[in-house]
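# Analysis of the macromolecular model
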Amino acid sequence: MYKALGKWCFGHPWRVLSAWLLTAVAVGIVAGGLGPSFGAELSTPDSESGRAADILGEHFGNVGSRVSGTIVLDATGADAGVDDPEIRVAMTSLLAEVDAIADVSVGSPYEPGGAHRIAPAGPAAGRIAYADVETAPGFNVDESLALRADIDHVIDSSGLRDLPGVNVHIGGAWLSEQEPPETEAIGLAFAIFVLIAAVGSVVAMGVTVGTALLGVGIGAMGIVIISNIATVPDFASTIGVMIGIGVGIDYALFIINRFREWVRDGLDLADAAAAALDSAGRSVVFAGATVVLSLLGLLLVGLPFVSGLGISAAVTVAIVMAGSITLLPAVLGLVGGRLGTIKVRGIAASALVALALLGFGLGIMPLLAGIPAAVAVIIAGSFVKNRNPLRRVIQQRPPKALRETSWYRLSRMVQARPWTGALGGVALLLLLAAPVLGLRLGFSDEGNFPPESSTRQAYDLLAEGFGPGANGPLLIVAETPQPDDTASMGALADAVRGTDGVAMVSPPIPSPDGGAVLIRVQPTTGPQDVATEDLVERLRGDVLPTALAGTTVSANVGGGVAFGIDFSDYLAQRMLIFFAAVLGASFLLLMAVFRSLVVPLKAVVMNMLSIGAAYGVVVAIFQWGWLGSLFGIEGAPIEPFIPMMLFAILFGLSMDYEVFLLSRMKEEYERTGDPVNSVADGLAATARVITAAAAIMVVVFGSFVLEDNRVIKLFGFGLAAAIAFDATVVRMLIVPSTMELLGTRNWWLPAWLDRIIPNLRVEGELPERASEPATSGDPDRAGASLGKGA
């Protein structure tokens, strides 16, 4: 099937390319017509904070909405503070305009009962005030961004920012400034140079990047469509693009590398495309399917937010994988013999494009001049064919025989001391993983935003004027159907007021319909503080049950901090189930592919080691704050959905390299029967391309560390670290060491098990080749077959 597919796509390139372009246009039209509808609300089934939110929604309207924010008035430089008549009139008018926006309600510091929103004591007393901004349930991200823009416009129109000593800030994560990510361009700039070095051709580089980007573009538009069907977080598109670019370039690079090998072995271009798809193409499908299955495993968690994130990323990977096995052979059919050489004009134009991408990613706009300059180079290189220096072919060194390469020597050196390599590599990864023992799940907040952002300034002003707990108040709410229930809530307020860690408790606030009562509690510590979590647990486990004993009232502790605790607990309970499901499925798939019990067991263990090491450095940097100034972050809990999401992505990506490397080792073992040299041959044949692919992934993922969004930073860094560990310590050290130690036992499988499990070969029916692989996958020496390049 793979051979036939590869040959057909290679022979009908315009049909395949037209189908993909039409698909892109169709998906783009649908996505543009629907528009994005990224979900903003999280939920946890059957949790105390969830029950509190339901009561608040039913009896108090928008109060307690998780999509909310604040408008913070800073009048510290005004003589009369927030009670200055001019400030008061302007602020009251501003808040009235915001309150008039559909599905938005505002709690003003100037309304009756709103005095608690004015700083009561200390240097900021009477000089800092805030208004609560609550939205209707179901408000999505795009509506939140539009609301922020509307509020900002109203503030500018009010003239408050023009008054001396006065400023107004918009607070709240969902009303924060959000810029579209641009740093992926840095990864693409780096990929251009790495690919040219790896495949020795500008055309091959262009084919690799172009195929990946078309698939990623369709995937990104597909995520927009999915957001209208399921709950999808706003950063899902960024995660999808991040993963899609990485795996797309990886998959295309592996297939092109095998295509060039088969051409060197004497196959014509069409047969080489078929053979590449029947070997590397099978590995791509298996590796891609593993990533997709790992991501879809997030559906087991049972939370719409997490499921939407997993589905979005899985769809992007699936589209990119499909492009690798259909669009890529078609493009190879179009470029034909131009894949193999490299000219001065191609290198110059590529360098200029990479410079422009780097400028775009770093915000250095003058570097965008590289694009027209690259076009000029291409045009100039089209004239005076015989004497034009831009058309000069750059001579490349002929590739070495496989067993003369440094990769072969590295493998044999590691195999000569297998215990040292295996134990040393495992010890290093365990050391890096050690911080994961201190992992603390929870949500970061606006205090982790950049200091210069309006969101962070609003957060700091609230902490200055009202205490750190003002940014994370607790909401104790209960339905009160009986006449005595309100009095019981009053007694509860008194009990909470005397609890350690409580700074302020409001009197019981009855709902407009009289069916519920709300008590606002302000902790003495901030939302991210461990002491605040302890207070929630103490209220739930001791204070509330004691104070309400003997009554019919059932009170619930809600609010952002309480929700974060419940969300983290829910995911922590399901994390091991998810891990076990993904590990078990991957073990069974690898057993069927490699016909071995030992290889899949080692693969699972080694992948866990590299992922554990990534978790460890993530905890050290993003939770403990090590090197925080370098990365522009402050220590905070790790968002509870991130470990599961990282595991799903990283386990699938780790399997990519596992499959590509071990399938080549198995191919050599089955061809020669030599358990020693098959390891070295397999490593030498794949190490160059695996290293290039991993380097591209590391830079693509790592470039997202330059974004302002903490979650995107964390994802990018975690993925980059894990890929770096996997492609170096695991693939180049631990794998050859353990393969050497176990020898032929690597491929042991009981006969009875061999008979009942399906055969999922990733090597295909390989053409005849020389007894020893001739080259290491370096640039082509068969110039006649792959003749004219860019």
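Everything in this summary refers to the structure shown in the same document. Please read all numbers here as calculations on a predicted model, not as lab measurements. (Residues numbered from 1 in each chain as written. Predicted model: local features only at pLDDT ≥ 70, side-chain atom pairs only at ≥ 80, totals over all residues. Heavy atoms only, no water.)

Turning our eyes to something else, we now look at the pattern of salt bridges. For the structure on display, the rule yields 20 salt bridges. Note that Arg440 and Glu533 form a salt bridge whose closest N and O atoms lie 2.9 Å from each other. In this pair, Arg440 is assigned in the loop between helix 15 (418–433) and helix 16 (454–466) and Glu533 in helix 18 (residues 530–547), connecting sequence segments 93 residues apart. Within the structure, one salt-bridge network assembled from shared partners comprises Glu48, Arg540 and Asp566. (Salt bridge = Lys/Arg side-chain N within 4 Å of Asp/Glu carboxyl O. Helix = DSSP H or I, 4+ residues; strand = E, 2+ residues; numbered from the N terminus.)

Turning next to helix 8 (residues 236–264). For helix 8, built from 29 residues, the straight-helix expectation of 42 Å at 1.5 Å per residue is met to within 8% by its first-to-last C-alpha distance of 42 Å. With 29 of its 29 residues buried, helix 8 lies for the most part within the structure. Just past helix 8, the residue Gly266 takes up positive phi, approximately 105 degrees. (Expected span 1.5 Å × (residues − 1). Buried < 20%, exposed > 50% of the residue type's maximum accessible area, 1.4 Å probe, protein only.)

Our next topic: the packing of helix 22 (residues 642–672) against helix 24 (residues 710–742). Across the interface, helix 22 lies against helix 24 with an axial gap of 10 Å and an inter-helix angle of 30 degrees. When the axis of helix 22 is compared with that of helix 24, the two are roughly parallel. For helix 22 against helix 24, the interelement crossing comes out right-handed. On helix 24, the residues touching Ile642, Met645, Leu646, Ile649, Leu650, Leu653, Ser654, Tyr657, Glu658, Leu661, Leu662 and Met665 of helix 22 are Val711, Leu714, Phe715, Gly718, Leu719, Ala722, Ile723, Asp726, Arg731, Val735 and Met739. For the contact of helix 22 with helix 24, the residue count by class is 18 nonpolar, 2 polar and 3 charged. (Axes fitted to C-alpha atoms, helices over the stretch in contact; angles between N-to-C directions. Parallel < 35°, antiparallel > 145°, perpendicular 65-115°, else oblique. Left-handed = near helix turned anticlockwise from the far one by under 90°. Contact = heavy atoms within 4.5 Å. Nonpolar A, V, L, I, M, F, W, Y, C, P; charged D, E, K, R; others polar.)

Despite not being glycine, Asp103 has its phi angle at roughly 65 degrees, a positive value. Structurally, the position occupied by Asp103 is in the loop between helix 4 (85–99) and strand 2 (104–107). A positive phi angle, near 50 degrees, is found at Arg595, a position not held by glycine. With respect to the element layout, Arg595 can be found in the loop between helix 19 (560–594) and helix 20 (598–623).

Right, let's get into the packing of aromatic side chains. For any pair of aromatic rings, the description rests on two quantities: the centre-to-centre distance and the angle between the ring planes. For the coordinates displayed, the defined rule picks out 15 aromatic pairs. Arranged with centres 6.3 Å apart and planes meeting at 70 degrees, the rings of Phe235 and Phe305 form a pair that is edge-to-face. A residue pair is termed long-range when its members are at least 10 positions apart, and Phe235 in the loop between helix 7 (202–227) and helix 8 and Phe305 in helix 10 (residues 304–325) qualify at 70 residues. The burial state of Phe235 is the same as that of Phe305; both residues are buried. (Phe/Tyr/Trp six-rings, centres within 6.5 Å; stacked < 30°, edge-to-face > 60°.)

Another aspect to go through is the packing of helix 1 (residues 2–11) against helix 2 (residues 13–34). A pair of packed helices is captured by two measures, namely the crossing angle of their axes and the spacing between those axes. With their axes 5 Å apart at the nearest point, helix 1 and helix 2 run at an angle of 90 degrees to one another. As judged from the angle between their axes, helix 1 and helix 2 are roughly perpendicular. Across the interface between the two elements, Trp8, Cys9, Phe10 and Gly11 from helix 1 touch Pro13, Arg15 and Val16 from helix 2. The residue makeup of the contact of helix 1 with helix 2, split by class, is 5 nonpolar, 1 polar and 1 charged.

Once that is clear, we can look at the nonpolar core. Counting 166 residues, the largest nonpolar core has Tyr251, Phe641 and Phe715 as the members making the most contacts within it. Broken down by element, the residue count for this core peaks at 18 residues, all from helix 24. Tyr251 has contacts with Val284, Ala287, Gly288, Val291, Val317, Val320, Met321, Ser324, Asp656 and Phe660, leaving out every residue within four places of it along the chain. Counting 29 residues, the second largest nonpolar core, distinct from the first, contains Ile87, Met91, Phe139 and Leu160. (Core = buried A, V, L, I, M, F, W, Y, C linked by side-chain atoms within 4.5 Å.)

Further remarks concern the sheet that holds strand 4 (residues 167–171). Hydrogen bonds between backbone atoms are what pair the strands of a sheet, whose relative direction is either parallel or antiparallel. Pairing is antiparallel across the open sheet formed by 4 strands, whose spatial order is 2-3-1-4. Since the sheet does not close on itself, it has two edges, and those belong to strand 2 and strand 4, each with one partner. When the angles between neighbouring strand axes are averaged without regard to direction, this sheet yields 20 degrees. In the sheet, strand 1 (residues 68–74) pairs with strand 3 (residues 128–135) via 7 bridges, with the strands oriented antiparallel. Residue Asp74 lies in a different strand from strand 3, and its bridge partner there is Ile128. The sheet strands contacting helix 16 are strand 1, strand 3 and strand 4, and the helix crosses strand 4 at an angle near 105 degrees. (Pairing = 2+ DSSP bridges.)

Looking now at helix 3 (residues 48–59). Compared with an ideal rise of 1.5 Å per residue, which puts 12 residues at 16 Å, helix 3 spans 17 Å between its outermost C-alpha atoms and is within 8% of the ideal. Every buried residue belonging to helix 3 is among Glu48, Ser49, Gly50, Ala52, Ile55, Leu56 and His59, and all of these are buried.

So, about a negative patch on the surface. Judged by side-chain charge, Asp54, Glu58, Glu479 and Asp513 come together as a negatively charged surface patch. For Glu479, the position within the fold is in strand 5 (residues 474–479). (Patch = residues over 30% accessible without salt bridge, like charges linked within 9 Å, V, L, I, M, F, W, Y side chains within 5 Å. Areas by Shrake-Rupley, 256 points an atom, 1.4 Å probe, with all protein chains shown as cover. Lys, Arg positive; Asp, Glu negative; His and termini not counted. Charge placed at Lys NZ, Arg CZ, Asp CG, Glu CD.)

Another point: the pairing of strand 5. Most of strand 5 sits out of view: 5 of its 6 residues are buried. With 3 bridges joining them, strand 5 and strand 9 (residues 556–558) adopt antiparallel strand pairing. Each residue of the ladder has a partner; that of Val477, found in strand 9, is Asn556.

Structurally, Ser108 is set in the loop between strand 2 and strand 3. A polar side-chain atom of Ser108 sits 3.0 Å from the main-chain amide nitrogen of Tyr110. In this structure, Ser108 is in contact with Leu95, Gly114, Arg117 and Ala131, ignoring residues within four places of it in sequence. (Polar contact = N/O pair within 3.5 Å; in protein donor to acceptor, adjacent residues only side chain to side chain.)

Our next topic: the environment of His59. Locating His59 in the fold gives a position in helix 3. Judged by its relative accessible area of 10%, His59 falls in the buried class. With 403 residues separating them along the chain, His59 and Leu462 place their C-alpha atoms 27 Å apart. If near-sequence neighbours (up to four positions away) are discounted, His59 is found in contact with Glu479, Ser511, Pro512, Asp513, Gly515 and Ala516.

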